[in-house]
Structures are given as C-alpha cells and as structure tokens.
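Spelled out from the first residue to the last, the chains are:
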Amino acid sequence: MFDQLSSLDTSRTTWKVMVRVTRMWPSVSSTNEIKGYNFILLDDNNTHVQAFAYADKWKSISKNMVEANAGVENPTFSTDVIGVVEEFERVKEIQTMYGRRDIVKFRITDGRYSHKVSCWTNLAVYTDKLFEEAVETPIIAIVTSTKLKIFKSSVQISTLPSSKVYFNLDNDLVDAMRQRIEAEGYKSPENAIAELTPVKTSHVLETISLEELATKTNMDDLKV
C-alpha cells in the first residue's frame with residue numbers, strides 16, 4: 001500500500017510512495033560540489049511535488065529507483081517538449097467518444113522537425129488564453145508531461161492530465177531556442193511550416209543511468 005503525494009504532511013516522517021521522477025537537477029555549492037538533487041515527483045493521481053535529497057542520501061535512494069525502460073514491461077513514458085508554435089487553432093468544442101470536449105491544436109517545431117500537439121478540456125481553454133495574451137513572436141512553447149504516439153506514420157504529441165503548457169517562459173531554455181532559430185534564419189509562417197536555411201550541425205546526446213549518477217559527487221563529473 002502506497003501513500004498519495006496529496007496526503008503527505010508533517011504529522012510523521014515515514015511515508016511510502018510510488019512516483020515517477022519527471023525532472024531532476026543538482027544543487028551545486030560555490031566550490032562546484034554537488035550538495036544534493038532536486039526532483040519533481042508525479043504520482044498516479046497527477047499530483048506534482050518538489051523533493052530534495054542530500055548527496056549522502058542519494059546513493060540509498062537511487063537503489064530504489066527503476067529506469068523507465070529497464071526491466072519494466074510496457075512502460076508509459078511522459079516527456080517535456082520545447083519548440084516554436086505554428087498553425088495554432090483556437091479552442092473549439094468537438095464530439096468525442098467521451099462526449100463533447102474542448103480542444104486546441106497547434107504544431108511545435110525546433111526548426112528542423114515539426115509535430116502536432118493536442119490539448120484537451122481545461123488545458124485547451126488555458127492554452128488558448130496563453131496564445132491570446134502572447135506578445136513576443138515567434139511564440140516558444142514548453143509542454144510538460146506529454147505522451148508521444150505514432151499515428152499514420154507521423155509523431156503526435158498528446159497532453160495528459162498532469163501536462164502543463166508555458167508560452168514564452170522567461171528561462172535559459174527558451175532564450176537559447178530563440179537565439180538558435182534566429183541565427184538559422186527562421187521566419188515565422190502564418191499558416192505553413194517555415195523553411196530554414198540549411199545549417200550543418202552535429203548533436204551528441206549524453207546519457208547517464210541512475211546507477212552511474214549515484215557515484216557522481218562533483219559537477220565536473222556531469223556532462224551538461
């Protein structure tokens with residue numbers, strides 16, 4: 001039996017939860033030593049909680065964590081995506097197998113690839129409001145906790161009850177995306193996918209397992 005994140009309080013210090021770690025990042029001291037790790041936890045009731053583990057506790061915690069694609073049958077993945085908003089369709093109500101529901105559709109692109117995004121119900125209404133209020137263009141979106149699926153040989157991004165949408169968020173990721181697409185000659189289209197000036201780039205994605213991460217004590221050991 002597991003406790004729900006929404007039930008946690010200060011009445012006791014022993015709780016048992018089963019959660020997904022949707023995001024994790026280190027806290028670093030002025031001497032570049034890793035003090036501990038921050039986590040965003042998500043349970044099956046779609047409750048988010050931020051947690052922190054000191055570095056000396058991380059090794060014992062990491063032993064109880066399972067990689068999403070390691071030894072798990074039929075795992076369900078959620079991922080965060082970032083990109084430029086194109087072909088935004090304002091909120092409308094449609095008939096579905098679950099009854100009439102609000103939906104917002106748009107495409108999200110990093111300048112090289114473009115995929116469809118669908119937001120439903122309350123998130124659709126909220127996303128439509130964000131679009132209406134957005135001032136800076138092109139609009140750069142971050143959509144969290146999304147589910148990726150293949151439909152008719154095309155990748156589609158669907159939101160989950162735990163998903164959140166941000167437009168033109170003031171952070172380093174959005175700034176870096178905006179600088180890159182501007183440097184590559186991106187032109188925001190009205191109703192079509194933009195074409196970029198071809199740029200030869202080479203991207204290497206560094207990965208690390210939880211077991212390997214447990215042995216790291218200094219930021220110099222981590223590749224960012």
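Residues numbered from 1 in each chain as written. Predicted model: local features only at pLDDT ≥ 70, side-chain atom pairs only at ≥ 80, totals over all residues. Heavy atoms only, no water.

The protein appears in an unreviewed UniProt entry as Nucleic acid-binding protein from Heracleum sosnowskyi.

(A) Here's a closer look at the nonpolar core. Val85, Phe106, Ile108, Cys119, Val165 and Phe167 are the most contacted members of the largest nonpolar core, which has 17 residues in total. Broken down by secondary-structure element, the contributors of at least two residues to this core are β4 (79-96), β5 (99-109), β6 (114-120), α2 (121-133), β7 (140-151) and β8 (154-167). Look past the residues within four positions of Val165 in its chain and what remains in contact with it is Cys119, Leu123, Tyr126, Thr127, Leu130, Ile142 and Val143. (Core = buried A, V, L, I, M, F, W, Y, C linked by side-chain atoms within 4.5 Å. Buried < 20%, exposed > 50% of the residue type's maximum accessible area, 1.4 Å probe, protein only. Helix = DSSP H or I, 4+ residues; strand = E, 2+ residues; numbered from the N terminus. Contact = heavy atoms within 4.5 Å.)

(B) Spotlight on helix α3 (residues 172-183). In a regular helix each residue adds 1.5 Å, so 12 residues correspond to 16 Å; α3 covers 16 Å between its end C-alpha atoms and thus fits that length. Among all positions of α3, only Val174, Met177, Arg178 and Ile181 are buried. Buried residues of α3 fall within an arc of 95° about the axis and therefore sit on the same side. Exposed positions of α3 whose direction lies more than 90 degrees from the buried face are Asp172, Gln179 and Ala183. Two to three positions downstream of the cap, the backbone nitrogen of Leu173 sits 3.2 Å from a side-chain oxygen, assigning the N-cap of α3 to Asn171. Note on α3: the residue one or two positions beyond its end, Gly185, has a positive phi of about 80°. (Expected span 1.5 Å × (residues − 1). Arc of directions from axis to C-beta. Polar contact = N/O pair within 3.5 Å; in protein donor to acceptor, adjacent residues only side chain to side chain.)

(C) Region of the structure containing the pairing of strand β1 (residues 20-28). As defined by bridge partners, β1 adjoins strand β2 (residues 34-42) across eight bridges and the pair is classed as antiparallel. By the bridge assignment for β2, Trp25 is matched with Asn38. Here β1 folds back onto β2, and the loop between the two strands holds five residues, one of which, Asn32, carries a positive phi near 70°. (Pairing = 2+ DSSP bridges.)

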